[in-house]
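# Chain and residue survey
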Amino acid sequence: RFIAKPWAINLGIQDSGPHRAQPNAILEKVFTSITKSPDGKRLEGLSKQLDWDVRKIQRWFRHRRNQDKPTTLTKFCESMWRFTFYLSIFFYGIRFLWTAPWFWDTRQCWYNYPFQPLTSRLYYYYILELAFYWSLMFSQFTDIKRKDFLIMFVHHLATIGLITFSYMNNMVRVGTLVLCLHDASDFLLEAAKLANYAKYQRLCDAFFMLFGVVFIVTRLGIYPFWILNTTLFESWELIGPYPSWWLFNGLLITLQVLHIIWSYLIVRTAYKALVRGKVSKDDRSDVESSSEEEDATPNSTKGVLSSSSNGSNRVNGHVAGGQWTEE
């Protein structure tokens, strides 16, 4: 409200939403009480009842659906908040772990386990991360629904489960490594969204490519060969198969499966960017895309990135028509 919004206005981002649908009591009742996407039979019936062309009714429903979406200014402010959190917590984690012995030797995560002290810095690091992921879990149900809704839901469940489980079992040392590794790429994605909302397309594409590289290196390289190696093999060697070993590693492997899925989507988006010369379509974008372009060119390619909450990002989240959607 006091930082992101004034900055967005200075960048020329307007607090104006999509085209609003023409007031119509009959269509509004259908939209709110029956369906937001009527089928062909219902469209024909409404066409006869209102003496409207079917295409006009379809356009009305598209406008009405888009009308409920947040404005670009709202999305810019939200992305700036996430960018600020991800960047701050990542540097906090790096600064904290730089002096931690287990950052340089992962076997230190298991020496004297479970009799390892919980310092105040480590405690606050954990609590901040847990609170943030709980907020993402709840806000996902009020945000625009995205194609990766189920994947993100599973991700949030696994993350919250891992943070809580590792804290209760005092596996906080390896837990800090997992948290810091996951924060390494998230702020780059939010930076790309900010650049897109401000219409700096080249900067947006550059941040996205950098995000893709960091994401794949950390999630498909460092994570399995550094994190999973110590939780699966070093822990087994040093402290043996403790009762919760299977659950703990099961959750970590679930995250790895999600990493592979997201990496595939990122690579596919990057490939399309190289072919077309820009990041043109995000495979995690909103289910509903902007209708203005479709109305003007009905036969044009759909889904060119419309700006869209969470994410979806979203991703936590990424792109259409050279514009970014939330994770």
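Residues numbered from 1 in each chain as written. Predicted model: local features only at pLDDT ≥ 70, side-chain atom pairs only at ≥ 80, totals over all residues. Heavy atoms only, no water.

Looking at an unreviewed UniProt entry, one finds the chain named CERS5 synthase, with Todus mexicanus as its source organism.

### Quick word on the UniProt feature "transmembrane region" (unreviewed entry) in the chain
Rule in force here: UniProt positions are given in the numbering used here, feature names are shortened, and annotations may be inferred rather than shown by experiment. We count a stretch as a helix when DSSP gives it H or I for four or more residues in a row; a strand needs E for two or more, and each element gets its number in order from the N terminus.
Under the UniProt annotation, "transmembrane region" (unreviewed entry) lies at residues 83–103, 123–142, 207–226 and 246–267. With 90% helix and 0% strand, the stretch residues 83–103 has end C-alpha atoms that lie 24 Å from each other. Between the first and last C-alpha atoms of residues 207–226 the distance is 26 Å; the span itself is 100% helix and 0% strand.

### Some words on the confidence of the model for the chain
When pLDDT drops low, the exact placement of atoms in the prediction is not to be read closely. Under the convention used in this document: For every residue, the predictor reports its confidence as pLDDT, a number between 0 and 100. Any two residues whose heavy atoms approach within 4.5 Å are treated as being in contact.
With 80% of its residues at a pLDDT of at least 70, the chain reaches an overall mean of 79. Note on residues 284–327: pLDDT under 50 across the span, and 207 contacts to partners over four residues away in sequence or across chains.

### What to know about a nonpolar patch on the surface
For clarity, the threshold we go by: Patches here: salt-bridge-free residues with over 30% relative accessible area, like charges joined within 9 Å, nonpolar side chains (Val, Leu, Ile, Met, Phe, Trp, Tyr) joined within 5 Å. Only the protein chains shown count as cover for residues, with accessible areas throughout obtained via the Shrake-Rupley method and a probe of 1.4 Å. When a carboxyl oxygen of Asp or Glu lies within 4 Å of a side-chain nitrogen of Lys or Arg, that pair is called a salt bridge.
The grouping of Leu-118, Tyr-123, Tyr-124, Ile-127, Tyr-167 and Met-168 at the surface amounts to a nonpolar patch, some 590 Å² of accessible area in total. Of all elements in the fold, only helix 7 (120–139) and helix 8 (149–168) reach the threshold of two or more residues within the nonpolar patch. Following the sequence through the fold, Tyr-123 ends up in helix 7.

### Considering the environment of Tyr-242
So the rule is basically this: The cut-offs for exposure are 20% and 50% of the maximum accessible area for each residue type, with area from a 1.4 Å probe on protein chains only; residues under the lower value are buried, those over the upper are exposed, and the others partly exposed.
With respect to the helices, strands and loops of the structure, Tyr-242 is situated in the loop between helix 10 (201–239) and helix 11 (245–276). With relative accessibility at 10%, the residue Tyr-242 sits in the buried group. If we skip the residues at most four places from it in the chain, Tyr-242 touches Trp-110, Met-171, Ser-235, Phe-248 and Asn-249.

### Observations regarding the nonpolar core
Formally: For our purposes a nonpolar core is just a set of buried Ala, Val, Leu, Ile, Met, Phe, Trp, Tyr and Cys residues, chained together by side-chain atoms within 4.5 Å.
Ranked by size, the top nonpolar core spans 54 residues in total, and within it Leu-97, Trp-102, Tyr-223 and Phe-248 carry the most contacts. Elements that contribute at least two residues to this core include exactly helix 5 (72–98), helix 6 (101–104), helix 7, helix 8, helix 9 (172–197), helix 10 and helix 11. The element that contributes the greatest number of residues to this core is helix 9, accounting for eleven residues. In this structure, Leu-97 is in contact with Trp-102, Phe-103, Trp-104, Thr-176, Leu-177 and Cys-180, ignoring residues within four places of it in sequence. Counting residues in hydrophobic clusters, the runner-up holds ten residues, among them Leu-27, Leu-50, Trp-52 and Trp-60.

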